[in-house]
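The chain contents come next:
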Amino acid sequence: MRGSIDGVGIGLRREHYDELVAAPPDVPWLEIIPENYIDRGGRDARALAEAAERWPIVAHGVSMSLGGPDPLDRDWLASLARLLDAVDAPWYSDHLCYAAIDGIALHDLLPLPFTEEAVEHTAARIRKVADALQRPVAVENITYYARMPGGRLDEPDFVRAVVERADCGLLLDLSNLYVNARNHGRDPWDDLARMPLHRVVQVHLAGFSVEHDGRLLDDHGAPTHDDVLDLYARLVERIGSVPTLFEWDTRVPPLAVVGAEAARADAVRRAALARRAAAQAPAVALRWEAIA
Ligand SMILES: [Fe+2]
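Residues numbered from 1 in each chain as written. Predicted model: local features only at pLDDT ≥ 70, side-chain atom pairs only at ≥ 80, totals over all residues. Heavy atoms only, no water.

**Description of the overall build of the protein**
Here comes step 1: Each helix and strand in the protein was counted, giving nine helices and 12 strands.
Here comes step 2: Taking 19 Å as the expected radius of gyration for a compact globule of 292 residues, we find that the protein reaches 19 Å, a close match to that expectation.
Here comes step 3: Seen through its C-alpha atoms, the protein measures out along the principal axes to roughly 65 × 50 × 50 Å.
Here comes step 4: In the protein, 80% of the contacts between residues at least 6 apart in sequence involve partners at least 24 apart.
Here comes step 5: Accessible area for the protein stands at about 13500 Å²; split by element, carbon and sulfur atoms hold 54% of it. (Helix = DSSP H or I, 4+ residues; strand = E, 2+ residues; numbered from the N terminus. Rg over C-alpha atoms; globule rule 2.2 N^0.38 Å. Contact = heavy atoms within 4.5 Å. Areas by Shrake-Rupley, 256 points an atom, 1.4 Å probe, with all protein chains shown as cover.)

Quick look at the structure:
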């Protein structure tokens, strides 16, 4: 069964394969990490096939190295396109980062310099990826703990420039936005306002931990912080409902706990939508009065 994608979904994680079958959660869609399923058989392939029967699937990659120096891997793109076709993924997302150098996967998402050259380079590669995959691409704002030297742009300007130049979507990770703003001494509300919100096609929410020096560590191992949910509510009030993923990737709890966190975020989303509708109602009523 497949349907349109909205509301708050969760990630398909190996820790939950059995629970997904035994007690399927009441979530509207699932997000997969395609690297876990390309050219894989056995339990992973079976779990994905079962999940795709039941839920719409969105794909979120971790290794495309969209801003990296290595040439795009055409074989990998072809394999990825086959997987996305098989699960009917409506778009593909990956991170605004580099993740490999000289053919060596770094197994980390590293920040790009916030330069005009990086904007041009990354935007051109995003266009090529969208072309190869024959579907829209969205890029995610990552967390970074040190700024790459050389750039004069700041993070919101860099993100805006890339997505405008690439004509692509933005997967806005609000937890990443919050972590970066706090760690780099900025106001998360300012950063949110300066992001290209008209480009947002998906949202990520996740938890973080607090280091002994007070810095925030984006480890996807906790419930979403209330401050991040406040940002989420403001975003939904501003742009309306947007497909949202609650991510939990380290110290993964039972599926019911992840599902309950997604439900908590969904309650925030619904309340924000109600406020948005209420705020728009008088204008609609006035227009009808003018017509009558
Ligand atoms: Fe994310």
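Still to come is the rest of the account.
**Let's talk about the pattern of salt bridges**
Here comes step 1: If you walk through the whole model with that rule in mind, you get 20 salt bridges.
Here comes step 2: In this structure, the salt-bridge partner of arginine 43 is aspartate 18, at a minimum N-O distance of 3.5 Å. Of this pair, arginine 43 sits in helix 2 (residues 42–54) while aspartate 18 sits in helix 1 (residues 17–22), and the two are 25 residues apart along the sequence.
Here comes step 3: Where glutamate 261 meets arginine 264, a salt bridge forms, and the shortest distance between an N and an O atom there is 3.1 Å. With glutamate 261 and arginine 264 both in helix 9 (residues 255–291) and three residues apart, the pair spans about one turn of that helix.
Here comes step 4: For glutamate 261, a relative accessible area of 10% corresponds to the buried category.
Here comes step 5: By relative accessible area, arginine 264 is classed as partly exposed at 29%.
Here comes step 6: What you see here is one network of salt bridges that share partners, running through Arg14, Arg40 and Asp44. (Salt bridge = Lys/Arg side-chain N within 4 Å of Asp/Glu carboxyl O. Buried < 20%, exposed > 50% of the residue type's maximum accessible area, 1.4 Å probe, protein only.)

**Here we look at the side chain of serine 209**
Here comes step 1: Its location among the elements puts serine 209 in strand 10 (residues 209–210).
Here comes step 2: In this structure the side chain of serine 209 is engaged in a polar contact, spanning 3.0 Å, whose partner is the side chain of aspartate 219.
Here comes step 3: Residues in contact with serine 209, not counting those within four places in the same chain, are Arg215, Leu216, Leu217 and Asp219. (Polar contact = N/O pair within 3.5 Å; in protein donor to acceptor, adjacent residues only side chain to side chain.)

**Considering unusual backbone geometry**
Here comes step 1: Its identity is not glycine, yet histidine 107 carries a phi of approximately 55°, on the positive side.
Here comes step 2: Its location among the elements puts histidine 107 in strand 6 (residues 104–110).
Here comes step 3: Residues other than glycine seldom take positive phi values, yet aspartate 167 does so here, at roughly 55°.
Here comes step 4: You can see aspartate 167 is positioned in the loop between helix 5 (155–166) and strand 8 (169–173).

**A look at helix 8 (residues 226–239)**
Here comes step 1: Spanning 14 residues, helix 8 covers 20 Å between terminal C-alpha atoms, matching the ideal 20 Å at 1.5 Å per step.
Here comes step 2: Taken residue by residue, helix 8 has Val228, Leu229, Leu231, Tyr232, Ala233, Leu235 and Val236 as its buried positions.
Here comes step 3: Where helix 8 terminates, the next one or two residues include glycine 240, which has phi positive at roughly 90°. (Expected span 1.5 Å × (residues − 1).)

**Observations regarding the sheet that holds strand 8**
Here comes step 1: Strand order in the closed barrel made by the eight strands is 1-2-3-4-7-8-9-12, with parallel pairing throughout. Here the average twist between neighbouring strands, direction ignored, is 30°.
Here comes step 2: Note: strand 4 (residues 92–95) against strand 7 (residues 137–140), four bridges, orientation parallel. Bridge pairing in strand 7 links histidine 95 to glutamate 140. (Pairing = 2+ DSSP bridges. Axes fitted to C-alpha atoms, helices over the stretch in contact; angles between N-to-C directions.)

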